[in-house]
Amino acid sequence: LHSGNLMAVYLEDYYDLFTLIILENQQQYSTLKSNQKKRIDLLEKGDEKSSWFLFLQAEVYIHWAFIKYKFGDWFSSALDLRKAYLLLKTNEEKFPEFLPQKKSMGMLHVFISIIPEDYKWLADLFGYSGKKNIGLSEIGLTLNSNSIFRIESMYIYSALIEFTSDQSGKGINVIQKGNHKHSY
């Protein structure tokens, strides 16, 4: 199907993410949700010695956690975030200098840091830890690089800044600065 190109599997998953998040179509969600398992199964056939092996699986779990949250499947969403977190932590231990995982782990660290106080016990139960400033710094490493994830990191970083800041408009400044950094 993909001649061993696991990046194609990852990009197809992005297509589902954007389709479902933007269109918010319940019937499409019901039809497409089986793609998660198919893609994870394909990714699990990759090279276990590669820094991309666990990272791409974690990304698919993150995508579907957002999708499932959007469609009200909160428990399954939480389980997918847990799987992603554990995969990224393992990958981080194996490949501490692998830059792309900084974007994803940073995003999770910011999310964990803003869990309401009444629900912190859940984060503790799942073994989550995260601080906003550390998470933003991790994303910043990818944002300030020539990584293929630089543009994605810029949008994630700006959205998280906007979402977690007391001052409206801070996030758009990141995008405006980023768009002037490189010409497209």
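Every chain is numbered independently, its residues counted from 1 as its sequence is written. For a predicted model such as this one, the threshold for reporting local features is a pLDDT of at least 70, and the threshold for listing and counting side-chain atom pairs is 80 or more; totals across whole chains, interfaces and linings nevertheless cover every residue. Hydrogens and waters are ignored; side-chain quantities use all the structure's heavy atoms.

Draft legend 1. Spatial organisation of the packing of aromatic side chains. Stacked, tilted and edge-to-face pairs are distinguished by plane angle, under 30 degrees for stacked and over 60 for edge-to-face with tilted covering the rest, among Phe, Tyr and Trp rings (Trp via its six-membered ring) whose centres lie within 6.5 Å. This structure, assessed with the given rule, holds 12 aromatic pairs. Taking the centre distance of 5.0 Å and the plane angle of 80° together, the rings of Trp 52 and Phe 98 count as edge-to-face. Here the residue Trp 52 occupies a position in helix α4 (residues 51-70), and Phe 98 occupies one in the loop between α5 (74-94) and α6 (100-113), the gap between them amounting to 46 residues. Trp 52 gets classed as partly exposed once you look at its relative accessible area, which sits at 28%. Taken together, a centroid distance of 6.5 Å and an interplanar angle of 65° make the contact between Tyr 69 and Trp 74 edge-to-face. Here the aromatic residues Tyr 10, Tyr 14, Phe 18, Trp 52, Phe 55, Phe 98 and Phe 149 are joined through ring pairs into a cluster of three or more. Secondary structure counts use DSSP, requiring at least four H or I residues in a row for a helix and at least two E residues in a row for a strand, with both numbered from the N terminus. Relative accessible area decides the class of each residue, using a 1.4 Å probe on protein chains only: under 20% of the type maximum gives buried, over 50% gives exposed, and in between gives partly exposed.

Draft legend 2. Highlighting the environment of Thr 164. With respect to the helices and strands, the residue Thr 164 is situated in helix α9 (residues 150-164). We classify Thr 164 as buried; its relative accessible area is 17%. Along the backbone, Thr 164 and Ile 114 are 50 residues apart, and their C-alpha atoms lie at a distance of 7.9 Å. Throughout, a contact is declared for two residues whenever any of their heavy atoms are within 4.5 Å. Among all residues touching Thr 164, those that are not within four sequence positions of it are Val 110, Ile 114 and Lys 132. Here the side chain of Thr 164 touches Leu 160 through a polar contact of 2.6 Å, landing on its backbone oxygen. Counting of polar contacts relies on pairs of N or O atoms within 3.5 Å, with two restrictions inside protein: one atom must be capable of donating a hydrogen and the other of accepting it, and residues adjacent in sequence are counted only when both atoms are side-chain atoms.

Draft legend 3. Focus on the packing of helix α3 (residues 34-43) against α4. Between α3 and α4, the shortest axis-to-axis distance is 9 Å and the interhelical angle comes to 175°. The angle between α3 and α4 places the two elements in the roughly antiparallel class. Residues Asn 35, Gln 36, Arg 39, Ile 40 and Leu 43 of α3 pack against Phe 53, Leu 56, Gln 57, Val 60, Tyr 61, Trp 64 and Lys 68 of α4. Basically, the charged four are Asp, Glu, Lys and Arg, the nonpolar ten are Ala, Val, Leu, Ile, Met, Phe, Trp, Tyr, Cys and Pro, and anything else, Gly included, counts as polar. By residue class, the composition of the contact of α3 with α4 is seven nonpolar, three polar and two charged. Helix axes are fitted to C-alpha atoms over the stretch in contact, other axes to C-alpha atoms as well, and angles between N-to-C directions run from 0 to 180 degrees. Should an angle lie under 35 degrees it is considered roughly parallel, over 145 roughly antiparallel, and from 65 to 115 roughly perpendicular; all remaining angles are considered oblique.

Draft legend 4. The side chain of Ser 145, seen in detail. For Ser 145, the location among the structural elements is in the loop between α8 (132-143) and α9. Take Ser 145: its relative accessible area is 13%, and that puts it in the buried class. Here the side chain of Ser 145 touches Ser 147 through a polar contact of 3.0 Å, landing on its backbone nitrogen.

Draft legend 5. Spatial organisation of the nonpolar core. Take the buried residues of types Ala, Val, Leu, Ile, Met, Phe, Trp, Tyr and Cys, join any two whose side-chain atoms come within 4.5 Å, and each joined set is a nonpolar core. With 43 residues, the main nonpolar core has Leu 20, Trp 64, Ile 67, Leu 88, Tyr 157 and Leu 160 as its most contacted residues. Excluding anything up to four places from it in sequence, Leu 88 contacts Phe 55, Ala 58, Ile 62, Gln 101, Ser 104, Met 105 and Leu 108.

Everything listed here is a matter of geometry and, on its own, says nothing about what the molecule does.
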